[in-house]
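Here's the letter readout for the chains.
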Amino acid sequence: MDSTTFSALAEPNRFRMVELLRDGPLTVGEIAERLDLRQPQASKHLRVLLEAGIVEVEADANRRHYKLRSEPFKALEAWLETYSSVWEERFDNLERYLQQLQAKQEKDK
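Residues numbered from 1 in each chain as written. Predicted model: local features only at pLDDT ≥ 70, side-chain atom pairs only at ≥ 80, totals over all residues. Heavy atoms only, no water.

Novice: Would you mind going over the environment of Arg 38 with me for this structure?
Specialist: Mapped onto the secondary structure, Arg 38 falls in the loop between helix 3 (28-35) and helix 4 (39-51). Between the C-alpha atoms of Arg 38 and Phe 6, which are 32 residues apart in sequence, the distance is 24 Å. (Helix = DSSP H or I, 4+ residues; strand = E, 2+ residues; numbered from the N terminus.)

Given below as structure tokens:
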């Protein structure tokens, strides 16, 4: 997993931009307006997301539409999946422990 993705998403405005872009492509102006940012500020954040490979740009005349790329999120999902076995094991251990407690309570009655 590339830490660049985490670094880019760690900034709250960039995270909010990604949330907005989940619904489809937007221009810089639309993003700036929805997040109550100035356009130059929105452009700087979008540049970071672009350099991190999180978004891509499509030019349409003099407008630039930003949209999410799926690859970084697939990589993030795959990375998180590697931790699922750890959590499954912990939940299994918890379940066994609770069953032991329940059995002991029933025995003590």
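Novice: Which parts of the structure should I look at to understand the side chain of Asn 13?
Specialist: Tracing the chain through its elements places Asn 13 in helix 2 (residues 12-21). Residue Asn 13 is classed as buried on the basis of its relative accessible area, which comes to 13%. There is a polar contact of 3.0 Å between the side chain of Asn 13 and the side chain of Arg 16. (Buried < 20%, exposed > 50% of the residue type's maximum accessible area, 1.4 Å probe, protein only. Polar contact = N/O pair within 3.5 Å; in protein donor to acceptor, adjacent residues only side chain to side chain.)

Novice: Any chance you could explain the environment of Glu 95 here in plain terms?
Specialist: Inspection of the secondary structure assignment puts Glu 95 in helix 6 (residues 84-108). Residue Glu 95 is classed as partly exposed on the basis of its relative accessible area, which comes to 45%. Along the sequence, Glu 95 and Ser 70 sit 25 residues apart, while their C-alpha atoms lie 36 Å from each other.

Novice: Looking at this structure, how should I read the pattern of salt bridges?
Specialist: Side chains that carry opposite charge are capable of pairing whenever their charged atoms lie near each other. Scanning the entire structure with this criterion turns up 5 salt bridges. Residues Glu 56 and Lys 67 are paired through a salt bridge, measuring 3.4 Å at the closest nitrogen-oxygen approach. Of this pair, Glu 56 sits in strand 2 (residues 55-60) while Lys 67 sits in strand 3 (residues 63-68), placing them 11 residues apart in sequence. Accessibility expressed as a relative area gives 30% for Glu 56, which makes it partly exposed. Lys 67 gets classed as partly exposed once you look at its relative accessible area, which sits at 25%. As a salt-bridge pair, Arg 69 and Glu 56 come within 4.0 Å of each other at their nearest N and O atoms. Residue Arg 69 is found in the loop between strand 3 and helix 5 (71-81), and its partner Glu 56 is found in strand 2; the two are separated by 13 residues along the sequence. Via salt bridges that share partners, Glu 56, Glu 58, Lys 67, Arg 69 and Glu 71 belong to a single interconnected network. (Salt bridge = Lys/Arg side-chain N within 4 Å of Asp/Glu carboxyl O.)

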